[in-house]
Amino acid sequence: MQTATTVSDLRRHVDAWRAAGERIGFVPTMGFLHAGHVSLMQRARQECDVVVASIFVNPTQFGPNEDFDRYPRDDAGDRATCEAAGVDVLFIPTASAMYPDSPSVFVIVEGISDILEGAVRPGHYRGVATVVTKLFHLVKPHKAFFGQKDYQQCSVIKRMVKGLDMDVDVVVLPTVRERDGLAMSSRNSYLSTDERHTAAAIYRALSAAEQLAKTGTRQPEALKNKIQAVVREEKGIEIDYLEIADPESLAPLASAQDGMVLLIAVRIGRTRLIDNLVIQR
Ligand code: AMP
């Protein structure tokens, strides 16, 4: 595996691959890698000739009071993980390599960026869309791999790719979970032992709603009540938002619909966690 830290390092690889007709797969991440990230890298390895992963904790997607400064990092461990997953080039730019000038050009995906996560984290999806656009321009991937764990992020990126005619296939892969169902996340490392135990309630609640839907109770209000009831059984966890939404527009649903998605964000102590579940027919 090779490491590129500057834009020109990366471009050298990309230009050679493109000239040779190689199909480029790309997995953008913020590092502190876990099995969820690895699942994306392994799929890229299967579907593409060459694989680029990036690790960049992108300042423009963090609000002033968020966790940018304390976001977990493990460069040595991440390198080993990427190498083992079959990554060809790991791109780890500095903030000044990505943003040599103070950022003044942004990509905004309207309609979907200011609801749910976007309402709680103003400017977050502007930062995400901007950095993913920049990374797509640098890596020139044929396919880019994202996790359903960040459902709204996937929606923003798919809409951005379509709206700006970007020539890249967006592949969304299932959420990888811990044994008790907690969605793997770099931010899980913030949790104390007690909080980690509490966090299992998120998936327990989503699964309880899924079970209810399977037995025929599919009204959004009933499913939300179920989720709230299960979460309330645990102490030290607060629901930030809970919505049952259209899978494409993410507009809240008043009545049941095929493929509706349950989206939840919670706070446990100082940590914010998100998760989601698609309710199939
Ligand atoms: P992050 O490093 O958190 O920005 O995530 C990088 C990519 O990995 C994004 O596409 C995430 O959706 C994806 N990802 C994060 N957690 C998981 C997970 N538990 N399962 C699958 N994909 C994930």
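1. Here we look at the pattern of salt bridges
- Applying the stated criterion across every chain, the model contains 15 salt bridges.
- One salt bridge connects Asp88 with Arg45, and the closest N-O pair in it is separated by 2.8 Å. On the criterion of sequence distance, the pair formed by Asp88 in the loop between helix 3 (75-84) and strand 4 (89-91) and Arg45 in helix 2 (residues 35-47) is long-range, its members being 43 residues apart.
- A salt bridge links Arg121 to Glu66; the shortest N-O distance between them is 2.6 Å. Taken together, the residues Arg121 in the loop between helix 5 (117-120) and helix 6 (124-139) and Glu66 in the loop between strand 3 (50-55) and helix 3 connect sequence positions 55 residues apart.
- The network of salt bridges with shared partners includes Glu117, Asp240, Arg267 and Arg272.

2. A few points about the nonpolar core
- Counting 43 residues, the largest nonpolar core has Leu10 and Phe136 as its most contacted members.
- Here the element with the most residues in this core is helix 6; it accounts for nine residues.
- Once residues within four sequence positions are removed from consideration, Phe136 is found in contact with Phe26, Pro141, Ala144, Phe146, Met160, Val161, Met166 and Val168.
- Counting residues in each nonpolar core, the second largest holds 25 residues, with Ala205, Ala213, Val230 and Leu273 among its members.

3. Digging into the layout of surface pockets
- The computed volume of the largest pocket comes to approximately 1,100 Å³.
- Forming the boundary of the largest pocket are 50 residues, of which Met30, Tyr71, Arg121, Asp150 and Arg187 lie nearest the centre.
- At six residues, the largest contribution of residues to the lining of the largest pocket is made by helix 6.

4. What to know about the pairing of strand 9 (residues 271-278)
- Of all eight residues in strand 9, seven are buried, a share of seventy percent or more.
- Sheet topology places strand 8 (residues 261-268) next to strand 9; eight bridges connect them, and they run antiparallel. Directly across from Ile268, in strand 9, lies its bridge partner Thr271.
- Hairpin geometry of strand 8 and strand 9 is characterised by an intervening segment of two residues between the two adjacent antiparallel strands and by a positive phi of about 60° at Gly269.

5. A closer look at the site of the ligand
- Residues in close proximity to the ligand total 17 residues, the closest being Met30, His37, Asp150, Val176 and Met184.
- Residue Asp150 places a side-chain N or O atom 2.6 Å away from an oxygen atom belonging to the ligand.
- Isolated, the ligand exposes 490 Å² of accessible area, and the fraction of that covered by the protein chains is 93%.
- Judged by the proximity of its atoms to the pocket grid, the ligand belongs to the largest pocket.
- Among the secondary structure elements, those contributing two or more residues to the shell around the ligand are strand 2 (24-29), helix 2 and strand 5 (143-147).
- Considering each element in turn, the shell around the ligand owes the most residues, three residues, to helix 2.
- Among the residues forming the shell around the ligand, the class breakdown is eight nonpolar, seven polar and two charged.

6. Quick look at the sheet that holds strand 9
- In spatial order, the strands read 7-8-9; together these three strands make up an open sheet with antiparallel pairing. Unpaired on one side and paired on the other, strand 7 (238-245) and strand 9 mark the two borders of the sheet. Along the sheet, successive strands turn relative to each other by an average axial angle of 10°, direction set aside.
- Direction of pairing for strand 7 relative to strand 8: antiparallel, over a ladder of seven bridges. When the bridges of strand 8 are listed, Leu242 appears paired with Ile264.

So, how was this worked out
In every chain, residue numbers begin from 1 and rise along the written sequence. The predicted origin of the model limits local features to residues at a pLDDT of at least 70 and limits the giving and counting of side-chain atom pairs to 80 or more, whereas totals for whole chains, interfaces and linings rest on all residues. Values shown for side chains rest on all heavy atoms present in the structure; no hydrogens or waters enter the calculation. Take a side-chain nitrogen of Lys or Arg and a carboxyl oxygen of Asp or Glu: if they are within 4 Å of each other, that pair is a salt bridge. A helix here means a DSSP run of H or I that spans at least four residues, while a strand means a run of E at least two residues long, and both kinds are numbered starting from the N terminus. The nonpolar core is taken to be a set of buried Ala, Val, Leu, Ile, Met, Phe, Trp, Tyr and Cys residues, with the residues joined through side-chain atoms within 4.5 Å. When a residue's accessible area, from a 1.4 Å probe over protein chains only, is under 20% of the maximum for its type it is buried; when over 50% it is exposed; and in between it is partly exposed. Contact between two residues is taken to exist if any of their heavy atoms lie within 4.5 Å; hydrogens are not considered. Points on a 1 Å grid, built from protein atoms alone, make a cavity when a 1.4 Å probe fits but cannot get out and make a pocket when they are open with protein on both sides within 12 Å along at least 5 of 7 lines; residues with an atom within 4 Å of a point are the lining residues. Grid points are joined across faces, edges and corners, and a volume is the space filled by probe spheres set on the points. Two strands make a pair as long as DSSP finds a minimum of two bridges between them. We call a residue near a molecule or strand when any one of its heavy atoms sits within 4 Å of it. Pairs of N or O atoms within 3.5 Å make up the polar contacts considered here, provided that, within protein, one atom can donate a hydrogen while the other can accept it, and that residues adjacent in sequence are counted only when both atoms are side-chain atoms. Using a 1.4 Å probe, accessible areas were evaluated by the Shrake-Rupley method; residue-level cover was limited to the displayed protein chains. For a cavity or pocket, the test is whether more than half of a molecule's atoms lie within 2 Å of its grid points; if they do, the molecule sits there. Residue classes follow a fixed rule: Ala, Val, Leu, Ile, Met, Phe, Trp, Tyr, Cys and Pro count as nonpolar, while Asp, Glu, Lys and Arg count as charged, and any other residue, Gly among them, counts as polar. The axes used here are C-alpha line fits, helices contributing only the stretch in contact, and every angle between their N-to-C directions lies in the interval 0 to 180 degrees.

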